[in-house]
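A closer look at the structure
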Amino acid sequence: MTKSYSLKVANARLGGFPRLLLRWKASIYKLLYKEMAIFVGLYVSLSVTYRFALNEPQKRMFEKIAMYCHQYSDLIPVSFLLGFYVSIIYARWWNQYLSLPWPDRLASLVGCVVHGPDERGRLIRRTMVRYLNLSAVMVMRGVSTLVYKRFPTMTHIIDAGFMTIAEWKEYESLESPHSKFWVPINWFCNLASEARQEGRIRDDFAFKALMEEVNIYRGCLGMIYSYDWISVPLVYTQVVTVAVYTFLLSCLMGRQYLDPEQKLEGHDVDLYIPAFTLLQFFFYMGWLKVAEQLINPFGEDDDDFDSNWCIDRNLQISYLAVDDMYLSHPPLEKDIYWN
Amino acid sequence: MTKSYSLKVANARLGGFPRLLLRWKASIYKLLYKEMAIFVGLYVSLSVTYRFALNEPQKRMFEKIAMYCHQYSDLIPVSFLLGFYVSIIYARWWNQYLSLPWPDRLASLVGCVVHGPDERGRLIRRTMVRYLNLSAVMVMRGVSTLVYKRFPTMTHIIDAGFMTIAEWKEYESLESPHSKFWVPINWFCNLASEARQEGRIRDDFAFKALMEEVNIYRGCLGMIYSYDWISVPLVYTQVVTVAVYTFLLSCLMGRQYLDPEQKLEGHDVDLYIPAFTLLQFFFYMGWLKVAEQLINPFGEDDDDFDSNWCIDRNLQISYLAVDDMYLSHPPLEKDIYWN
Amino acid sequence: MTKSYSLKVANARLGGFPRLLLRWKASIYKLLYKEMAIFVGLYVSLSVTYRFALNEPQKRMFEKIAMYCHQYSDLIPVSFLLGFYVSIIYARWWNQYLSLPWPDRLASLVGCVVHGPDERGRLIRRTMVRYLNLSAVMVMRGVSTLVYKRFPTMTHIIDAGFMTIAEWKEYESLESPHSKFWVPINWFCNLASEARQEGRIRDDFAFKALMEEVNIYRGCLGMIYSYDWISVPLVYTQVVTVAVYTFLLSCLMGRQYLDPEQKLEGHDVDLYIPAFTLLQFFFYMGWLKVAEQLINPFGEDDDDFDSNWCIDRNLQISYLAVDDMYLSHPPLEKDIYWN
Amino acid sequence: MTKSYSLKVANARLGGFPRLLLRWKASIYKLLYKEMAIFVGLYVSLSVTYRFALNEPQKRMFEKIAMYCHQYSDLIPVSFLLGFYVSIIYARWWNQYLSLPWPDRLASLVGCVVHGPDERGRLIRRTMVRYLNLSAVMVMRGVSTLVYKRFPTMTHIIDAGFMTIAEWKEYESLESPHSKFWVPINWFCNLASEARQEGRIRDDFAFKALMEEVNIYRGCLGMIYSYDWISVPLVYTQVVTVAVYTFLLSCLMGRQYLDPEQKLEGHDVDLYIPAFTLLQFFFYMGWLKVAEQLINPFGEDDDDFDSNWCIDRNLQISYLAVDDMYLSHPPLEKDIYWN
Amino acid sequence: MTKSYSLKVANARLGGFPRLLLRWKASIYKLLYKEMAIFVGLYVSLSVTYRFALNEPQKRMFEKIAMYCHQYSDLIPVSFLLGFYVSIIYARWWNQYLSLPWPDRLASLVGCVVHGPDERGRLIRRTMVRYLNLSAVMVMRGVSTLVYKRFPTMTHIIDAGFMTIAEWKEYESLESPHSKFWVPINWFCNLASEARQEGRIRDDFAFKALMEEVNIYRGCLGMIYSYDWISVPLVYTQVVTVAVYTFLLSCLMGRQYLDPEQKLEGHDVDLYIPAFTLLQFFFYMGWLKVAEQLINPFGEDDDDFDSNWCIDRNLQISYLAVDDMYLSHPPLEKDIYWN
């Protein structure tokens, strides 16, 4: 689930952002430490080879190749590629958040306009919001690995109370090779149409309002489905990945400390620890990891959207709104500014 | 059809993105390998000429030209041009996806508000959604090469069941030198108007809701048509293409390994394989290929939208929604949280 | 009129974009060749002067100035300025396309809800859509040079059948120092109001739907008018123009081939033809020409919107929709998937 | 008032943009010439000091400092800061234009749906649109210096006919420490409500349409107010200003022509006039001036929105639409394409 | 509260932006001076150590390390990272402003359509707008530290008159582990539904209009809640923070003035005060501080939104609109342009 740190940065002050560097959960360290270990390992092996395993002519050759790698590694436009790519991924990520379906408005509307305090009225209201949640679960199963793990089969959905067995049979009886997540939404519409004819929905406005709202809800589900279906073109991701990885590989060789005795340009000092190269690894790989984490926000990363929590919350809130709160409000009282 | 790889990158982990480099379908390799072969071929010819065919004074001249090419190739602002250009192309591409017309909402609405279980009722509902699909097919034929191959003539559209012969005659009888893809949409409106007068659409709200939804659908068709009609200005595409190609041409000459004996600056070592130049080719050409693939998403690239699949899916779903599911929903049952 | 090349780039393949370089219509060559000729002319004059007209001390001075120009020409941030500026211009250009007023939806609605097969009914419907087209013509006259050439006076508009003489008199009788393009839209509203009272528009919903649609149409006209009225601030355009032109001027001097005998840095070879400088001219000037072409899409460039075509198309389509197609649709038949 | 130059750049042609450099009104020259004079003055003083006032050791020191300034001035990321900052300011500027309140649509609607040709009907219609204009004037007074100069007190607003004395008293009687520009909008709503009850607004749809439109209008006023209230954060503007000014200050020293005799790197020639430095001043300062001009478009710059003109135009157009044009349209005639 | 400086920059003129540098409130100085002090302190310590504490070999080593730091510090892509990151943060910040809930439109609508001058009518109207304000307070408490300080417990909300004790009990009786800020919105809907049944809301349109408006209001609350819940991914913030801080740390060492006697490249002069390094600190740290200030606009920074002021203003305005102004407007009078 997303780790919010808004409260920690409410005020700009001394050490505001640096303090965030101390977190581990959802942090860059947690994402990077394995890659960092491999990178350091490779760097050290090369360094040890150069210092101890090579003879003099081999060392001279090693130095030439290192100089060559150093010179050309700057030709790879990593910053530019990453800057534009991460902007695209970030925008997709936020739009995916905005497309999450929340049934609050629909539930509130159902509670307001589908009348009847009797059992059938209650049944209709509860079934309508259950349809909405069912539809969302079906979409989320296909999108989120966590939701899929929770509901690997339709039976799990039925057991969890999102669907009845009769519904499942009706659902299965509709033949289509394509995704049918929208079927419960259509049931919702048909049930609303029936409620209108029974007079439980008292006027055409309310019916139209329900149709408008359910279309917005359906649009959200469609967008969630689309973002999963249409990824950022693979080519783009591959180009960026190759750019970053080859840049870092060339750094392995090109940023070796060479023997200061050889008077090679820019190699006056041997500090053993390539601090700046590690930092560059940190920035570029970290920037790429931002993309990797955001490209599919329905996974199990620390910062991914908690789909299962959403599903539970939505069902609970839906029933609360249409059932417990049906047409009730606290007694009216004069407020303290009445006069 | 678009290759989704969302599931593979659900979690950010070690080797998340690198794993994507192993795919061939829709990959950068598949798009680039021919250009790469030509590039390598030219590079090798130049290299062989320099090493074996030229005499000493010619070699010196070759070296001077190579140094000159190397020096100036950096003046070409390839990264910038590509960064801004690909951003524009990407935004167009996604907006084109968002403009794809889906009849789901309209079909659901038709199923809800055009009443009558009799044959004429059924006929009206099926015809209405067929009009929608017909209109989409007409637009897609003009936009997508694949759809055009499938429906080269109107007869193919009639054979596929999107249009009747009577409709075709009526369509032809309307004289206009301009595109008439919107005609079936107007039939839809007129038929809805008729259904309202027959009382099959029971109230004015439902009629207005249909009009609003059909206008959104018509808007999508218009956008798809527009994106095809108004390309990104040719000038921009030409400038970018010339920039990338001339940059790569200048690299052919400027990145040759020159005789280390001549002590030319930056030419201390002869590695035969110009690894960094190949990488640069890979990045810049790959970045350009991203644009080339996205600029028209209705072609036959691996990552293009599968228009024919959409057409089939939409027709099937439309009939399902207005016919099989007409006013039906599963029996109401108490859910497991009833008390 | 815009030259579409979408079909040529439907598939990403070998030589996809390069093939576009062979086009002349709307191409960069057509836009640039005059500037290129002037640039080459100036370069050659300077070069000839240097090589043949100057004596030795003058040559040395020339070389110093050339080196100086070369060194400082890189300080001018041309890429950045152009990148951001062209992005803004491109966004404006596309928004202007999106603001083009299409009467299709309104015509379809008028055909659906303004009833009466008698002559007066027909007259009302035709007049309503004519008002819409008249309003658009009035706006386009002020915006597009081509439309202005076609309708230099109101008489031309009357002759073309967009306005009657009575309407012209009424129009003139309204005193206002400001643009009155919206007057026919208000006539449209008033006529709709009258039709509602006559019962030809049968319900208030239809009337409200007409008002909503006509407001969207009016909004488009207003936006077209605004884009013409409020240009991109002149200052920005001037800064970009000065940057590009002075950069190119400095290249004229700074990129001269200097005598290799003098052993000046970076001047080891005299190739006579400054290939890279010409390419740079091509890129930067081409990028600027993209902006120049897009900044006013209602001119006579090859890639500009064809306003006159739009006007003709809209009038023809409008009459077709409200008259020939009034409440008609093909006979209903069972489709081939009926069972 | 904004200077439109759209017509001058309708066609991309030889010298299209350069021709714009000849304008003075709203031009970069007009904005910059004072700063330029100061800059040149300082440069010349330093130059004269160096050449004539300093002795040899002082000259050497001066040269060292100049070299140092030259070397480090490139470290300041002026292009980047300006590119991103101006993009933000430009977007704000255009959104502010889009938020300008135009009463056209509301006036047209009032003219259509508030019935009654009698004096009271006329009074209601005129009063309703006057309320709209009054509300706009109140907001614009707080935002635009020009409007404030025109209406320094409420008395001026009353004298100009936007408000009656009775209204002013009612307005004053409402106690609130906060801005009350929305009060006339609420009067508009209440008056519409009254007109509905009197039957002058004949149906609930029309009333709802008025409410919807007036909310859009109120939203525009709110946005204009917000853009004035919430500036771009001061910190951002300060960072950009400091960056540009210190960069230019460092150029004053770092771009001095130093004695060619000293054989300092890059100082082979003494041209006296620092052409490129002046150009850089021109670009960077010009770019900053773009921001300075756009950051508040309600001032008195040549390119600012002409708020007073808008106010006059809106009042005149409003009365025209609801009064002169009330329910009138030209006599219906057959158009020339009737058959 | 946001410091507006719009008025100071209404006109672009000599010294327009520079004048802003003299402000302290909400200024970059106020945000930066502590970091600046620490930075200067560290720089001075290093400088003193180098000049006085080290022996010759140590000095040589120090110089080598300083040269190394200087050389590599430019490899860190700080400008790029900051440019893209601040753009994202800025967009979030402005969208958060746009999501602030203003009850003006709803209050105006309630005043228009919930009829009844009797006490119960007044009670319903006042209660409805109070519910809206209560809901906003509940959301703001969770988001803004200032609002939380003002209302640490529900009792404080009750005391401030936003809630009655009966309401608090009803609120508590609804069991849900999730945030219940939307409960008063549902009460609003239910109360509206009741008012419709009592006939105080006279028609279905008005009821639907209320539902639409309240949904927009609820959407704003949801967005405010979301922006707090879903931060910009921590990884991105960490990468940017590390980049800026390590760049500045490397400057501490790399920008030391080294002994000019050693003839090190770029170290010809010892000016003691590292003016350009301080400027760089100023730009990069300032740019980062822009992000730090904008990332949570509900804190206590000088430029943050003044949530408590908003809450007070909204309550006062709401009561004013539905109570004092209920159906009242000034007497109608002929305006001065009547004839």
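Our subject is the structure listed above.
Calculation notes
- Residues numbered from 1 in each chain as written.
- Chains lettered and ligands numbered in written order.
- Predicted model: local features only at pLDDT ≥ 70, side-chain atom pairs only at ≥ 80, totals over all residues.
- Heavy atoms only, no water.
- Contact = heavy atoms within 4.5 Å.
- Buried area = accessible area lost by both parts, 1.4 Å probe.
- Salt bridge = Lys/Arg side-chain N within 4 Å of Asp/Glu carboxyl O.
- Polar contact = N/O pair within 3.5 Å; in protein donor to acceptor, adjacent residues only side chain to side chain.
- Least-squares fit on C-alpha atoms with pLDDT ≥ 70 in both.
- Nonpolar A, V, L, I, M, F, W, Y, C, P; charged D, E, K, R; others polar.
- Axes fitted to C-alpha atoms, helices over the stretch in contact; angles between N-to-C directions.
- Helix = DSSP H or I, 4+ residues; strand = E, 2+ residues; numbered from the N terminus.
- Parallel < 35°, antiparallel > 145°, perpendicular 65-115°, else oblique.
- Phe/Tyr/Trp six-rings, centres within 6.5 Å; stacked < 30°, edge-to-face > 60°.
- Buried < 20%, exposed > 50% of the residue type's maximum accessible area, 1.4 Å probe, protein only.
- Expected span 1.5 Å × (residues − 1).

**So, the interface of chain C and chain B**
- Opposite the 96 residues of chain C that make contact, chain B presents 96 residues.
- Around 8600 Å² of area is buried between chain C and chain B when both sides are counted, 68% of it from carbon and sulfur atoms.
- Area buried by chain C at its contact with chain B is led by C:Phe17, C:Phe276 and C:Trp338, which between them contribute 9% of it.
- The interface formed by chain C and chain B holds 3 salt bridges in total.
- Ionic pairing is found between C:Lys334 and B:Glu119, a salt bridge with its closest N-O pair at 3.1 Å.
- At the junction of chain C with chain B, the criterion picks out 21 residue pairs in polar contact (both at pLDDT 80 or more).

**Observations concerning the relation of the copies chain C and chain B**
- By a simple turn and slide, chain C fits onto chain B: the slide is 0.0 Å along the axis, the RMSD is 0.0 Å, and the turn is 72°. The symmetry that links the two subunits is that of a five-fold axis. Every residue of chain C has its C-alpha some distance from the rotation axis, and the shortest such distance is that of C:Phe205, at 6.1 Å.
- Interface residue correspondence from chain C to chain B reaches only 7%, placing this contact among heterologous pairings that use different surfaces.

**So, the interface of chain D and chain C**
- With 96 residues of chain D at the contact, the number on the chain C side is 96 residues.
- With both sides pooled, the region where chain D packs onto chain C buries about 8600 Å², and carbon together with sulfur makes up 68% of that total.
- Across the chain D-chain C interface, the total number found is 3 salt bridges.
- Where D:Asp335 meets C:Arg126, a salt bridge forms, and the shortest distance between an N and an O atom there is 2.9 Å.
- The interface formed by chain D and chain C holds 21 residue pairs in polar contact (both at pLDDT 80 or more) in total.
- Tallied by class, the residues present in the side of chain D that touches chain C amount to 54 nonpolar, 21 polar and 21 charged.

**Points about the relation of the copies chain D and chain C**
- When chain D is fitted to chain C, the residual RMSD is 0.0 Å, and the transformation amounts to a turn of 72° plus an axial shift of 0.0 Å.
- Mapped onto chain C, only 7% of the interface residues of chain D again fall at the interface, so the copies present different surfaces.

**Thoughts on the packing of helix α12 (residues 234-254) of chain B against helix α13 (residues 275-294) of chain B**
Residue and element names in this part refer to chain B.
- At a minimum axis distance of 11 Å, the contact between α12 and α13 shows a crossing angle of 170°. It follows that α12 is roughly antiparallel to α13 by the angle criterion. Contact residues: α12 offers Val240, Val244, Tyr245, Phe247, Leu248 and Cys251, while α13 offers Thr277, Gln280, Phe281, Tyr284, Met285 and Leu288.
- Counted by class, the contact of α12 with α13 contains 10 nonpolar, 2 polar and no charged residues.

**Some words on the packing of aromatic side chains**
- Taken as a whole, this structure holds 130 aromatic pairs over all chains when the rule is applied.
- Taking the centre distance of 5.5 Å and the plane angle of 50° together, the rings of A:Trp229 and B:Trp309 count as tilted. Taken together, the residues A:Trp229 in helix α11 (residues 204-229) and B:Trp309 in helix α14 (residues 307-324) connect one chain to another.
- Judged by relative accessible area, which is 28%, B:Trp309 ranks as partly exposed.

**Notes on α13(B)**
- Over its 20 residues, α13(B) extends 28 Å from the first C-alpha to the last, a length consistent with the 28 Å expected when each residue adds 1.5 Å.
- For α13(B), the tally of buried residues reaches 18 of 20 residues, placing the bulk of the element in the interior.

**Concerning the environment of C:Met128**
All names here are of chain C.
- Examined against the element boundaries, methionine 128 turns out to sit in helix α6 (residues 119-143).
- On the accessibility criterion, methionine 128 (0% relative accessible area) is buried.
- Taking the C-alpha atoms as reference points, methionine 128 and serine 45, separated by 83 residues in sequence, lie 64 Å from one another.
- Apart from the residues lying within four places of it in its own chain, the contact partners of methionine 128 are Val110, Val114, Phe188, Leu191, Ala192 and Leu210.

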